[in-house]
Amino acid sequence: MAMQTNAKQSLAQRWESYQPSKSALVWACAATAVATMIVGFSWGGWVTGGTSLAQAKAAGDSARSELASVICIDKFNASPDKSAQLTALNAITDSYKRRLFVEAGGWATMPGQTSPDRRAAEGCAAALAA
């Protein structure tokens, strides 16, 4: 038992007196940095600047088309011949032709624009046909 106590003391003494070299410290820091990046990009949700820019652009486009679809639906509902137009829209089975119908009616043309918004027309036709 006395031998184990001496071994523990010598291990503790060795631990306290350990002086790592500069190269060991540099390599330990480099390995820690690489491990942190691997964990961060794999499981931490980190992304590069290009990926975040693409995600932000996609989210903006989606939000813009959703808002334009709502405006299109409001314009359609405000038209005087709404019920006849809705009957004609529901008679069309092809989604492409429904979009063309909404574009031709002018409901998908946003204020300040001269041509209809394709994504707004698609969303508007889908919402009205549902």
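Nothing here was measured: the structure is a model prediction, and the numbers come from that model.

Draft legend 1. Representation of the overall build of the protein chain. Across its full length, the protein chain holds six helices and zero strands. Walking the protein chain from its N terminus toward its C terminus, one meets helices and strands in the order α-α-α-α-α-α. Its C-alpha atoms give the protein chain a radius of gyration of 33 Å, more than 25% over the compact-globule value 14 Å for 130 residues. In terms of overall dimensions, the protein chain has C-alpha extents of about 100 × 35 × 25 Å along its principal axes. Of all 130 residues assigned to the protein chain, the portion counted as buried reaches 18%. Carbon and sulfur atoms form 63% of the exposed surface of the protein chain, whose accessible area is close to 9500 Å². Once the 12 positive and 9 negative side-chain charges of the protein chain are each reduced to a mean point, those two points are 10 Å apart.

Draft legend 2. Main features of a nonpolar patch on the surface. Among the surface-exposed residues, Val 34, Met 37, Ile 38, Phe 41 and Trp 46 lie close enough to one another that they form a single nonpolar patch of about 490 Å² accessible area. As for its placement among the helices and strands, Ile 38 is situated in helix H2 (residues 22-42).

Draft legend 3. Layout of the nonpolar core. Cys 72, Val 102, Trp 107, Ala 108, Met 110, Cys 124 and Leu 128 are the most contacted members of the largest nonpolar core, which totals 13 residues. Put simply, the parts of the chain that give this core at least two residues each are helix H3 (49-78) and helix H6 (118-129). Looking at which element gives the most residues to this core, the answer is H6, with five residues. Once residues within four sequence positions are removed from consideration, Met 110 is found in contact with Ala 68, Ile 71, Cys 72 and Ala 120.

Draft legend 4. Just the state of the cysteines, in detail. What the rule picks out here adds up to one disulfide. The disulfide partner of Cys 72 is Cys 124, and the gap between their sulfur atoms is 2.3 Å. Looking along the S-S bond of the Cys 72-Cys 124 disulfide, the torsion reads about -75°, which is the left-handed sense. Of this pair, Cys 72 sits in helix H3 while Cys 124 sits in helix H6, and the two are 52 residues apart along the sequence.

Draft legend 5. View of the environment of Leu 53. Its location among the elements puts Leu 53 in helix H3. With relative accessibility at 61%, the residue Leu 53 sits in the exposed group. Separated by 35 residues in the primary sequence, Leu 53 and Ala 88 have C-alpha atoms spaced 41 Å apart.

Rules used throughout
- Residues numbered from 1 in each chain as written.
- Predicted model: local features only at pLDDT ≥ 70, side-chain atom pairs only at ≥ 80, totals over all residues.
- Heavy atoms only, no water.
- Helix = DSSP H or I, 4+ residues; strand = E, 2+ residues; numbered from the N terminus.
- Rg over C-alpha atoms; globule rule 2.2 N^0.38 Å.
- Buried < 20%, exposed > 50% of the residue type's maximum accessible area, 1.4 Å probe, protein only.
- Areas by Shrake-Rupley, 256 points an atom, 1.4 Å probe, with all protein chains shown as cover.
- Lys, Arg positive; Asp, Glu negative; His and termini not counted.
- Charge placed at Lys NZ, Arg CZ, Asp CG, Glu CD.
- Patch = residues over 30% accessible without salt bridge, like charges linked within 9 Å, V, L, I, M, F, W, Y side chains within 5 Å.
- Salt bridge = Lys/Arg side-chain N within 4 Å of Asp/Glu carboxyl O.
- Core = buried A, V, L, I, M, F, W, Y, C linked by side-chain atoms within 4.5 Å.
- Contact = heavy atoms within 4.5 Å.
- Disulfide = S-S within 2.5 Å.

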